[in-house]
Every structure is written in structure tokens, then in C-alpha cells.
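Residues per chain are reported as follows:
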Amino acid sequence: MLTMKQKQVLKYIESYKGKNGYPPSLEEIRRYFKLSSVSTAHHYINKLRKAGYINKRDNQPRAINLRDESVAQIGIVGTIAAGQPIEAIESKAETIAMPSRELSANFDYYALKVSGDSMEDEGIFDGDIVVIKKQSVAENGQTVVAVIDNNQATLKKLYREKGRFRLQPANKNMLPLYRKEVEIRGVVVKIVRHLNSDKPGLRTLDLFAGIGGIRIGFEKAGFTTVFANDFEKTCKETYDLNFKTTKLVVEDIRKIGVYDLPEFDFLLGGFPCQPFSIAGYRQGFKDRKDRGNLFFNIAEIIEARRPSGFLLENVKNLKGHDNGNTYRVIRETLEGLGYFVKSKVLNSMEYGNIPQNRERLYIVGFREQRYSDNFEFPSPKKLTVKIADILEKDADEKYYYNGKPLYDRIKDSIKKEGSVYQWRRKYVRENKKGVCPTLTANMGMGGHNVPIIKDKKGIRKLTPLECARIQGFPRHYKLPTGLADSILYKQLGNSVSVTVVESIAQKIKEAVQA
């Protein structure tokens, strides 16, 4: 009987070899599990070898081999609806291979192709294959094959309620089914992901997701988000308000198991920029809050899961931080994992058609060189959107400085409508380019950090909704009414320019589908 840690080591070896074609070294196992020494990794390998799961040749590098194991052929007997029930169809024209050790000799198994998206929040997508353990009973919350209404089969989570059964979809857009009688024909024990071709899929992992700016850009380009994570609890209210599926998981990324993440094709991450930002402490990897080192958690996920590619976003200053050493470490780390890396600083007013002077570094990587060769960053776009185009017609009085202490100090310097100004503690500065200066998280720290404009009613700061528009969020994007403006300003300042990300995502999609 393997311990939990031994199972994790075995799973890591299997996954690593499946992705790379060769096994990990003892040093790679040590680093991945953060073991104290290589001898500890060797201890786990010996346990797995004695248990019969692996072979290892002594004194040779990468000499771990998985033991040949018997394989069971599971019949794919038909299609199961992950949506509205359909007639149960059975045929055994196809099979799927599974290691015998993953199956119990005391049960029978069969497989079904999934049709529909009602279980997508459980990681079961249209076209996938589910392996079913035959049984006529199930516990509350298990995903089952349920037959209802004269031989209509459906895949749902089962719950027993007073005098009836609830068949619950894992999709916020769908309603549960209620029946007094349900025939259970088995429970799901394994999901086999379906890929339509040899081209990479378009499933994304949205890390350091904030309020979903990167996600919106990629989904507009045709990608699908399968997991979203951020550490900030207040982001969840804004994020979940705007996305019906794949809600935000609030947790420290360092506490999420690499193999607990769903299958994905591209990793997306606007990892914390404060350690590298001109507006932050500029401490980089030595950041006192350890935010700079979160990049290495991204690298661990990429190393273990080997996605087709990634997009990372950070401040322009990252390239020059510590005389270029910080960016060199990041690039060499990613290239050392076997990825082809390209990066470029893009200004939102030049590449996103939004009136904001916001320069950000975008790092794109591909596992295969042919996709990297196909990829080019987007070309500049003519700026046609003006500040006046995004302003609210009737902003709340609370945003105006009229009659407040600061008003007398700024009124003579803020004269033009259509321009954006900043209060610099002792003087007012106008943006001569006719655009908004970079929105920052400092807007949420109080004082007068929010850019200022003049309209027909007077002098005021930009509203949170206007900041969202200046970041390129779509008009239908909603802001929670229950959060303080200071929190919303911080969220929007920490976000990305959605239209720039969308342009990059489209180029990534074109590169892998060419």
C-alpha cells in the first residue's frame, strides 16, 4: 500500500514522462517536492521500486522506468448527454485502454462519450470520454449515469431530497432535473480528455486573475477558461459577477497542488507587479512580502504540466530591474524548461485603441518552435477612442471636488474639458497627449491618486466605471455595488488593458492553428 507522498511521486513521474518522453532526474524530483536532499528523493524511488511500480538502473541518469503493466480494454458503449437527456444507445464498436491497476477486479466498467456542456465546471467537456464503474447506488454528490423518463440517459451529480432525486448540472447556466424515480447505472471514475486534432487546444488557466481582464481578452479570441485563481478575496465578488462559469478560486497559489489543476493548454498570469513596479517598492525577487518569488510557482506549474504555451504580463520596469538581471532569470528559467520565449513592451494607447498611456511587458512562450516561429506580436492600432467617449454622462456628486478643500488649489490649473490631470501633491499636471496616465493600484489608497477631469458640472476624479472603460473592459462589464470605491480603484489599477490582451490572444491562436 503506497503512502500519499509515494502516490504523488509516482503520479509526477508518470506525468513528467508522458509530457517529455523521458523520466525526471532525482534532482528534479527533489526540487519539485521541495525535499531536503536528493537522498530523500532516492528513498521514495526505492519504495516505489520495492512496491513494483518502477524499475531503476543504478548509477545512471534519468534511469527511472515505469514497470510494464497490464492494460484493460474498456468498451465505449455509446454517448451520454451532459445536457438534456437523450436515449441511451449501446454499442461496443470502440474501446479505450486503461491500466489494470486503476481498476478493481470486483467491478465491471464501461465508457461513454460525452455530449454537451452541463458538467463543464466539473472538468467534463463536450467530446470527452468518461469511464463508469457499474453500480446501482451512489452517494450524494457523486457524478452518475442516470436513466430517467423511459430510457433517457444523462450525466449529472446526484442528490437525494425529500421524496425525490435532484440531478444537478455543473454549469451555472443550467437548471437541475427533479425526478421521483431514477435508475443509476454507474458512477464516473475517470475522465479522458478529448482533443479534436494534433493542434493545441484552447483551454486556459487564469492565474493571478484579479477581476478577469486577461480572461476576457482570451475568451474574446476563442479560448475557454477552465480554472481561475487569485489570493485577493475582494476580487471574487467582481470576478464572479461577470462570469457565469469557472468562478474564481480564492487561495494562495502556493497551496494549490500542481496536479489538482484541471487539464489546460495555455497558462495565463499577470503575476504580482509591485515588486518590480516604479510605483511599488522595486524590490524584485527580494520583495519583503515574497510576491516576486511567485514567478517560480508559475515555473513549477509549467514544468510539471507542460502546457502548449503561456502569456505572462508585468510592468515595463521588469526588463530593467536590477540592471536586467531579474528579467534574465525569468527568461532563462522559461527557456530552461524547454519553451521558446518572445517578449515585447506594448503601450495600451498604441496597441489597444484605448486612451491610456500604459506600458506593459508581455511574455509569450510556446513549447513547440513552429508555433513560436508563427507568432508575432500585434501591430500598432490608430487611437480613435477619446477620453470624452468613455465618460459617464451623470457622475455621482461624491466624485466632484467642487466645494471641497482641494478645489481652490486646483481650479485655476484644470481648465480644459477632454484633458486628464493629476494632482502631484503641490501642483497639477496635465497629460499633454490627451490620454489618461497609467492607472495604478495606488488609486485605492485614498488621497488624490485618481486622475482628474473637468466636465460641465465641475472638476472631479474619474469614476471606477470610467477606469474600467479606460482599461478596455466591455460596456457590459459590471462592478459590484457593495464594494467601496477604494477597493474598485485598486482592482482596476491592478488589472490589464483588455483590448491589448485580446490582440495578443488572437495572434497566439493564429500561431497554433496556422
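Look up: the structure comes first, before these words.
Attention in this report is confined to the structure presented alongside it. These numbers were taken from a predicted model, which means no experiment stands behind them.

## Here we look at the pairing of strand β23 (residues 458–461)
Here comes step 1: Sheet topology places strand β22 (residues 452–455) next to β23; 4 bridges connect them, and they run antiparallel. Bridging from a neighbouring strand, Asp455 pairs with Gly458 of β23.
Here comes step 2: Remark: 2 residues form the turn of the hairpin made by β22 and β23, two consecutive strands paired antiparallel.

## Focus: the sheet that holds strand β17 (residues 309–315)
Here comes step 1: Spatial ordering of the open sheet is given by β15-β14-β13-β16-β17-β19-β18, a layout of 7 strands whose pairing is mixed. Each having just a single partner strand, β15 (248–250) and β18 (340–347) make up the two edges of the open sheet. On average, each strand axis in the sheet is inclined to that of its neighbour by 20°, with strand direction left out of account.
Here comes step 2: As paired elements, strand β16 (residues 266–269) and β17 share 4 bridges and run parallel to each other. Across the sheet, residue Leu268 finds its bridge partner in β17, namely Leu311.
Here comes step 3: Contacts from helix α5 (residues 233–242) reach β13 (203–207), β14 (224–230) and β15 within the one sheet, and its direction differs from that of β15 by about 170°.
Here comes step 4: Across the sheet, helix α7 (residues 325–336) touches β17, β18 and β19 (359–366), and the angle it forms with β18 is around 140°.

## Observations concerning the state of the cysteines
Here comes step 1: A complete count under the given rule lists 0 disulfides for this structure.
Here comes step 2: Cys436 provides the cysteine sulfur closest to Cys467, a residue in no disulfide bond, and the two sulfurs are 6.7 Å apart.
Here comes step 3: Classification of Cys467 as buried rests on a relative accessible area of 0%.

## Brief notes about the packing of helix α6 (residues 294–305) against α7
Here comes step 1: Running from N to C, α6 and α7 point in directions that differ by 10°, and their axes come no closer than 10 Å. If you check the angle between α6 and α7, you find them roughly parallel. Together, Phe295, Phe296, Ala299 and Ile302 of α6 and Val329, Ile330, Thr333 and Leu334 of α7 make up the contact between the two elements.
Here comes step 2: For the contact of α6 with α7, a count of residues per class yields 7 nonpolar, 1 polar and no charged.

## Observations concerning the environment of Phe243
Here comes step 1: Counting through the fold element by element, Phe243 comes out in the loop between α5 and β15.
Here comes step 2: Along the sequence, Phe243 and Ile216 sit 27 residues apart, while their C-alpha atoms lie 9.4 Å from each other.
Here comes step 3: Apart from residues lying up to four places away in sequence, Phe243 is in contact with Ile211, Gly212, Arg215, Ile216 and Glu219.

## Observations concerning the environment of Asn173
Here comes step 1: Among the structural elements, Asn173 can be located in the loop between β10 (164–168) and β11 (177–179).
Here comes step 2: Note: C-alpha distance between Asn173 and Ser118 (55 residues apart in sequence) is 8.3 Å.
Here comes step 3: Once residues lying within four places of it in the same chain are set aside, the contact partners of Asn173 are Lys244 and Thr245.

Rules of the game
- Residues numbered from 1 in each chain as written.
- Predicted model: local features only at pLDDT ≥ 70, side-chain atom pairs only at ≥ 80, totals over all residues.
- Heavy atoms only, no water.
- Pairing = 2+ DSSP bridges.
- Helix = DSSP H or I, 4+ residues; strand = E, 2+ residues; numbered from the N terminus.
- Axes fitted to C-alpha atoms, helices over the stretch in contact; angles between N-to-C directions.
- Contact = heavy atoms within 4.5 Å.
- Disulfide = S-S within 2.5 Å.
- Buried < 20%, exposed > 50% of the residue type's maximum accessible area, 1.4 Å probe, protein only.
- Parallel < 35°, antiparallel > 145°, perpendicular 65-115°, else oblique.
- Nonpolar A, V, L, I, M, F, W, Y, C, P; charged D, E, K, R; others polar.

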